[in-house]
Amino acid sequence: MLEIEIDGKKVEVADGSTVMDAANKVGTYIPHFCYHKKLSIAANCRMCLVDVEKAPKPLPACATPVTNGMKVTTHSDKAVKAQKGVMEFLLINHPLDCPICDQGGECQLQDLAVGYGGNTSRYQEEKRVVVNKNLGPLISTDMTRCIHCTRCVRFGQEIAGIMELGVANRGERSEIMAFVDRTVDSELSGNSIDLCPVGALTSKPFRFSARTWEMSRRRSVSPHDSLGANLVVQVKHDRVMRVLPLENEAINECWLSDKDRFSYEGLNAEDRLTKPMVKQGGKWIEISWQDALNYATKAIQGVVAEHGAAAFGAFVSPHSTLEEMFLTQRLVRAMGSEKVDFRLRQSDFSADGVRSGAPWLGMPMRDVSQLDRVLVIGSALRKDHPLLTQRLRQAAKRGAEVSVIASAIDDPLFKLAHAAIVAPDAMVGALANVAAAIARKKGTTLGESVMAKVDSSLPFDAVAIAKSLCGGERAALFLGNAVVQHPAFGAIWAIGVEIERLCGAKLGFLGEATNTVGGYQTGSLSTKHNVGTMLADPLKAVVLVGVEPALDFANGALATAALSGAETVIALTAFRSAVEDVADLMLPLAPFSETSGTFVNCEGAVQSFNAAVKPLGETRPGWKVLRVLGGALGLDGFEYESSEAVRDDALRMAPPLTNELVGTPDVNVSSASGLQRVSDVPIYSADVLVRRAPSLQRTRDAAAPVARMSAATLAKLGVADGSSVKVSSRSGAIVISAKRDDAVADDCVRVAAARPETVALGAMFGELTVERA
């Protein structure tokens, strides 16, 4: 530790710290533009010049290392004169268009100009003008305002992992721009808007919508991926205008993914359901809440009376709140049924009977950054878990070895130690090979059930992956979304447990949705029934909570057909188009911004939030609708007065967080004889809200699906890259474009799920045929 004096205050800081670090520790503010605590030091704005004793000239606080006994003055005449000189140069070419700038009211340049700017400008020459750049549908540019702090450039290189912006030219001709004919397409791109200290980069969806001082701010939690990022929801006239990150070092740090940031546009979609509606004579008509509840009550009671309680069940979205999940399963069970599930995209449930608790990440989120060995199985990391991948990226930069086994590997934008691309039917054998290699390395025996799945014919180096995983002090094995959706999920889970036993690597589930863990903790599933059995033997009366059947199930075609055959389908939904083709009654469900509730993220953190705006129209919070419906059915246990009371009751009996199995899942691991489908759920198709966010749907990641195949597979089929092909399954056929992608396993076809264009193909895994259209 070194001792330094800042403005007469003594403080001890670690060796290697900068003057800026010491000032932050003592609570002294030093003006700055280019400095940011999460980015590398650039020292190119010079606004943080301070007076250091015995130094011949002012020094930049952000780049000056501390020495023992150093004395620094931040507001001496020398320092202030230097800072004012820097400000004068920054304002020489600045347009001073604050009245029309979206950054007005929250602009660092505007704030500091008050203290360090002059009343008039001595610069009389013509100011430069920079032509604006098209960076895509999310970021708007006014590059004449740019002060070349390079925060956006460094963010792309260091945090997002890809250099999409750079500095061209020199001197006063310098410009921040993207590469020729390119836009900014990173899934984290919106953070550059927050980082920009001026109005050069602003939010295109929010542009000219409101002033920062006109909006109120509400804390909330993202309803999308399993991280549960903390949000600041900004509101004007009971309408969500903008979403920004709420800093939480333990979860999302100070970042947001674009999905979390821009999905609020979907809250105001044209097909928002604002009144209860019932289908009569094939037409939808609006009815009162009382009539809607009477209809639901009679429909459910009639089916149970005629067909028995087993004919009634419910499907709940894993993006629902803890309270909605808990009351839905309580409603189903109070009616005498066990048919409830939230694992809509899961197809193998063999682990249900041997699971001992709620699967979770296996560690706190902040520990991910400290791992030195990681093996990820079946995950499109960047698109499934943008901010968790950012933590892995930082770990990799510090020397961590990250290996991946998947049927298709997207570039995670950091160096992979090992990458094994295997077909879906070889996934079990591939992981079993790694387990066998670890057992040999440790000189121990492998469990019989795992040994039986070893497949030595697979052409990848399992020994190298095993050596890497066992070579660190802090190792983890993460199972991704594609594993949970895999037809042999139980077998892969069991092998993961065996690897954890053999080498001590923490086993964890990355988790698909914001409340996947919450679904387990509320008991919104049954060991007797699951999504598969409930669709195979269709229910007569169904309650849907936040579900879009065609796109949210593993087999959207099967789900739609099964629900269409039910006598009554009661849908709690925020959007008409999500369910109007299968439902008989639609009850307007409040989205996350209009209800209080709780999400339990992948690390098991319980995060509660309040409504940011009033419910739209006659929309009601889901927990209130379910509470009233339970009371109308004459059921006990629905006398709650607040969402907090529901939450406390739900968590009181929650199972422990554990990835252990108390037995061996009985699952059939079969081999395919033809082309196999590899499915992914595109980042902006994952849930009902992002599908209705216009700006997100104009991004590159929301482009129309294509059939991705390796060069070898294309040659084998005699199909040219870019040509139209007919892709067929047992369920149906579609015509789309073929695209060469050597990151897809041979003899496999990668076709996105959760897209209207691909619903006809049915199951997310299975055999396909491809022929020229």
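The rules behind each value
- Residues numbered from 1 in each chain as written.
- Predicted model: local features only at pLDDT ≥ 70, side-chain atom pairs only at ≥ 80, totals over all residues.
- Heavy atoms only, no water.
- Helix = DSSP H or I, 4+ residues; strand = E, 2+ residues; numbered from the N terminus.
- Buried < 20%, exposed > 50% of the residue type's maximum accessible area, 1.4 Å probe, protein only.
- Contact = heavy atoms within 4.5 Å.
- Salt bridge = Lys/Arg side-chain N within 4 Å of Asp/Glu carboxyl O.
- Core = buried A, V, L, I, M, F, W, Y, C linked by side-chain atoms within 4.5 Å.
- Phe/Tyr/Trp six-rings, centres within 6.5 Å; stacked < 30°, edge-to-face > 60°.
- 1 Å grid on protein atoms, 1.4 Å probe; cavity = no way out; pocket = protein on both sides within 12 Å on 5 of 7 lines; lining within 4 Å.
- Points joined across faces, edges and corners; volume = space filled by probe spheres on them.
- Nonpolar A, V, L, I, M, F, W, Y, C, P; charged D, E, K, R; others polar.
- Axes fitted to C-alpha atoms, helices over the stretch in contact; angles between N-to-C directions.
- Parallel < 35°, antiparallel > 145°, perpendicular 65-115°, else oblique.
- Left-handed = near helix turned anticlockwise from the far one by under 90°.
- Pairing = 2+ DSSP bridges.
- UniProt positions renumbered as here; feature names shortened; annotations may be inferred.
- Disulfide = S-S within 2.5 Å.

A. Geometry of the side chain of Thr-658. You can see Thr-658 is positioned in the loop between α22 (643–652) and β27 (675–678). Among the residues examined, Thr-658 registers a relative accessible area of 14% and is labelled buried. Residues contacting Thr-658, with those up to four places away along its chain left out, are Ser-356, Gly-357, Ala-358, Pro-359 and Trp-360.

B. View of the pattern of salt bridges. A complete count under the given rule lists 40 salt bridges for this structure. Ionic pairing is found between Glu-214 and Lys-236, a salt bridge with its closest N-O pair at 3.2 Å. Remark: Lys-236 occurs in strand β11 (residues 230–236) and Glu-214 occurs in the loop between β9 (201–203) and β10 (216–221); sequence separation between them is 22 residues. Overall, the relative accessible area of 39% leaves Glu-214 in the partly exposed class. Counted as one network, the salt bridges with shared partners bring together Asp-271, Arg-345, Glu-512, Glu-548, Asp-552, Arg-691 and Arg-692.

C. View of the nonpolar core. Counting residues in each nonpolar core, the largest one holds 81 residues, and the members touching the most others are Phe-155, Phe-315, Leu-361, Phe-478, Val-542, Leu-544 and Phe-553. Of all the elements, helix α10 (residues 386–397) adds the most residues to this core, at 4 residues. Apart from the residues lying within four places of it in its own chain, the contact partners of Phe-478 are Leu-361, Met-363, Val-368, Leu-371, Val-374, Leu-375, Val-376, Ile-377, Gly-508 and Leu-510.

D. Here's a closer look at the packing of aromatic side chains. Counted by the stated rule, this structure contains 7 aromatic pairs. Look at Phe-342 and Tyr-520: their rings are 5.3 Å apart centre to centre, the planes differ by 85 degrees, and that puts the pair in the edge-to-face class. Remark: Tyr-520 occurs in helix α16 (residues 516–521) and Phe-342 occurs in the loop between β16 (340–341) and β17 (373–377); sequence separation between them is 178 residues. Using a relative accessible area of 2% as the deciding quantity, one classes Phe-342 as buried. Residue class for Tyr-520 comes out buried when judged on its relative accessible area of 9%. Their ring planes at 35 degrees and their centres at 5.0 Å tell us that Phe-599 and Phe-609 sit as a pair that is tilted. Residue Phe-599 is located in strand β25 (residues 597–600), and its partner Phe-609 is located in strand β26 (residues 606–609); the two are separated by 10 residues in the primary sequence.

E. Fine view of empty space enclosed by the protein. According to the stated counting rule, one finds 11 cavities of 30 Å³ or more in the structure shown. By volume, the largest cavity amounts to about 300 Å³. Lining of the largest cavity is provided by 23 residues; of these, His-319, Leu-589, Pro-591, Phe-592 and Val-688 occupy positions nearest its centre. Of the residues in the lining of the largest cavity, the class split is 12 nonpolar, 8 polar and 3 charged. Taken as a whole, the second largest cavity encloses approximately 240 Å³ of empty space. Forming the walls of the second largest cavity are 21 residues, and the residues nearest its centre are Gln-346, Val-484, Glu-512, Thr-516 and Tyr-520. The element contributing the most residues to the lining of the second largest cavity is α16, with 3 residues. Tallied by class, the residues present in the lining of the second largest cavity amount to 14 nonpolar, 4 polar and 3 charged.

F. Region of the structure containing the packing of helix α7 (residues 289–307) against helix α21 (residues 622–632). Relative orientation of the contacting elements α7 and α21 amounts to 55 degrees, with a least axis distance of 10 Å. With respect to their mutual orientation, α7 and α21 come out oblique. Both α7 and α21 take part in a crossing whose hand is right-handed. Each of Trp-289, Leu-293, Ala-296, Thr-297 and Ile-300 in α7 lies in contact with α21, whose residues at this interface are Val-625, Val-628, Leu-629 and Ala-632.

G. Quick look at the pairing of strand β32 (residues 767–772). Judged from the 2 bridges that link them, β27 and β32 form a sheet pairing that is antiparallel. For Gln-676, the partnering residue across the bridge sits in β32 and is Glu-767. As paired elements, strand β29 (residues 724–728) and β32 share 4 bridges and run antiparallel to each other. If you follow Val-725 over to β32, its bridge partner there is Arg-772.

H. View of the side chain of Ser-17. Here Ser-17 shows up in the loop between β2 (9–13) and α1 (19–26). According to the relative accessible area criterion, Ser-17 is buried, its value standing at 13%. Among all residues touching Ser-17, those that are not within four sequence positions of it are Thr-64, Pro-65 and Val-66.

I. Here's a closer look at the sheet that holds β17. Taken in spatial order, the 5 strands of this open sheet run β19-β18-β17-β20-β21, and their pairing is parallel. Edge strands, defined here as strands with exactly one partner in the open sheet, are β19 (418–421) and β21 (506–509). The sheet shows a mean angle of 15 degrees between the axes of neighbouring strands, direction not considered. Strand direction decides the pairing type here: β17 and strand β18 (residues 401–406), joined by 5 bridges, are parallel. Within the sheet, the bridge partner assigned to Val-374 lies in β18 and is Val-402.

J. Spatial organisation of the UniProt feature "domain: 4Fe-4S Mo/W bis-MGD-type" (unreviewed entry) in the protein chain. Listed under "domain: 4Fe-4S Mo/W bis-MGD-type" (unreviewed entry) in the UniProt record, and renumbered for this structure, are residues 215–271. End C-alpha atoms of residues 215–271 are separated by 25 Å, and the span's content is 9% helix alongside 35% strand.

K. Structural detail: the sheet that holds β2. Spatially, the 5 strands line up as an open sheet ordered β2-β1-β5-β3-β4, and their pairing is mixed. Two strands close off the open sheet at either side, each with one partner strand: β2 and β4 (59–60). Taken together, the 5 bridges between strand β1 (residues 2–6) and β2 define a ladder with antiparallel strand orientation. From the neighbouring strand, Ile-6 faces β2, where its bridge partner is Lys-9. Along the sheet, α1 contacts β1, β2, β3 (49–52) and β5 (70–73); its crossing angle with β2, the most-contacted strand, is approximately 115 degrees.

L. Broad picture of the state of the cysteines. Within this structure, the stated rule accounts for 0 disulfides. There is no disulfide at Cys-34, and the cysteine sulfur nearest it, in Cys-45, is 3.7 Å away. For Cys-34, a relative accessible area of 2% puts it in the buried group.

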